[in-house]
Amino acid sequence: MRILVVEDERKVANALQEGLESESYSVTLAHTGEDGFFLASTEEFDIVILDIMLPGRSGTEVLSAMRKRNLRVPVLLLTAKDAVEDRVAGLDAGADDYLVKPFAFPELSARVRALLRRGKPEPVLSLNVEDLHMDLVSRKVTRGSQSLDLTAREFEVLEYLLRQQGRVVSREMLARDVWKETARHTPLDNVIDVHMVRIRRKVDEGFSTKLVHTVRGVGFLLKAESHETDQSS
Ligand code: CA
């Protein structure tokens, strides 16, 4: 079981690491919100223990950013005494539990065990927008009654757009998260654009409701084309 501990106070962080390791957990430490977010989004953890009071990016901000990225790992927040607003904001941001400082290690350990018992949420088996349906198990994609024939990469790009639906996806995000390339370069941008043209043709051609949209100068957006008049009614 891997635990990420995000805590800027070295003493507390080291004590947590020592205690958790003595219970056979594997512990990774981060001392800033930025490092914590980076580790949480690039490595697999079974639990994240996240201090709210961090220099720079707060624990609550890190948590919101994680949930926006669809990172659903259980998060146990550490909050200061009397900071009721922090706890409310933390739970609203998607925390699974919280513990008020100072706490006794056995209590933290019990909370960790409880979160692990609860387990990971059910995996998502399918993604939908309008009449576009993606089955993540059989890897079949349909629009209405039509089956769409996608290449493996087109499937990955469309899956990413579906997971981010309603939000603009930049070429940079696609390069990083789908192509796994950290540095953007022109040839890759061209490859991305070619894929988007093909995906748009396969998804939207022959349908009056368009789902794949280009946001000029920013990126792409997957959503059902809406009409202003419909929204105001
Ligand atoms: Ca702190």
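All residue numbers here refer to positions counted from 1 along the written sequence of the relevant chain. Predicted model: local features are reported for residues with pLDDT of at least 70 only, side-chain atom pairs are reported and counted for 80 or more only, and whole-chain, interface and lining totals are derived from all residues. Only hydrogens and water are removed before side-chain values are computed, so all heavy atoms of the structure are retained for them.

Novice: Explanation requested: helix α8 (residues 186-204) in the structure shown.
Specialist: Since there are 3.6 residues in each turn of an α-helix, residues three or four apart along the chain are aligned in direction. Helix length check: α8, at 19 residues, gives a terminal C-alpha distance of 26 Å against a target of 27 Å (1.5 Å per residue), a fit within 8%. Think of it in three bands: with a 1.4 Å probe and only protein chains considered, a residue is buried below 20% of the maximum accessible area for its type, exposed above 50%, and partly exposed in between. Starting at the N terminus, helices and strands are each numbered in turn, a helix being any DSSP run of H or I of at least four residues and a strand any DSSP run of E of at least two. Within α8, the full set of buried residues consists of Leu188, Asp189, Ile192, His195, Met196, Ile199, Val203 and Asp204. Down the axis, α8 shows its buried residues gathered within 130 degrees of arc, on one side only. Relative to its buried face, α8 has exposed residues pointing more than 90 degrees away, namely Thr186 and Pro187. Positive phi shows up at Gly206, right after α8, with a value of about 90 degrees. Residue count minus one, scaled by 1.5 Å, sets the expected span of a helix. Note that the arc is computed from the directions linking the helix axis to the C-beta atoms.

Novice: Help me understand the coordination of the calcium ion in this model?
Specialist: For a metal with four tetrahedral donors the ideal donor-metal-donor angle is 109.5 degrees, while six octahedral donors give ideal angles of 90 or 180 degrees. The donor definition counts N, O and S atoms within 2.8 Å of each metal and applies 3.2 Å to Na, K and Ca; water is not among these atoms, so some sites may look incomplete. The coordination sphere of the calcium ion contains the protein donors Asp8 (OD), Glu9 (OE), Asp51 (OD) and Met53 (O), at a distance range of 2.1 to 3.0 Å. Between the donor residues of the calcium ion, the gaps in sequence give the motif D-E-x41-D-x1-M. Of the two residues, Asp8 is situated in the loop between β1 (2-6) and α1 (10-22) and Met53 in the loop between β3 (47-51) and α3 (59-68); the sequence distance between them amounts to 45 residues. A residue is classified by how much of its surface remains accessible, and Asp8, at 26% relative accessible area, is partly exposed. Residue class for Met53 comes out exposed when judged on its relative accessible area of 55%.

Novice: Where do I start with unusual backbone geometry in this structure?
Specialist: What is expected of a backbone is that most residues other than glycine have negative phi and most peptide bonds are trans. Across the junction of Lys101 and Pro102, the peptide omega takes the value -5 degrees, indicating a cis bond. Considering the arrangement of structural elements, one finds Pro102 in the loop between β5 (97-100) and α5 (105-118). A positive phi is found at Arg139, a non-glycine position, where the angle reads about 60 degrees. Topologically, Arg139 is positioned in the loop between β7 (132-135) and β8 (140-143).

Novice: Could you clarify how one ought to interpret the nonpolar core in this entry?
Specialist: Side chains that are nonpolar tend, in soluble globular proteins, to be buried together. Residues enter a nonpolar core if they are buried and are Ala, Val, Leu, Ile, Met, Phe, Trp, Tyr or Cys, with the set joined through side-chain atoms within 4.5 Å. Grouped together as the largest cluster of nonpolar side chains are 30 residues, with contacts concentrated most on Leu132, Leu158, Leu174 and Met196. Only β6 (126-129), β7, α6 (152-163), α7 (171-177), α8 and β12 (219-222) provide two or more residues apiece to this core. Tallying contributions element by element places α6 first for this core, with six residues. Beyond its immediate chain neighbours, meaning those up to four positions away, Met196 contacts Val157, Leu161, Leu174, Val212 and Phe220. Core analysis: the second largest hydrophobic core is formed by 21 residues, Val48, Leu63, Ala65 and Leu77 among them. It only takes one pair of heavy atoms within 4.5 Å for two residues to be counted as in contact.

Without other data, these values stay purely geometric and don't point to any function.
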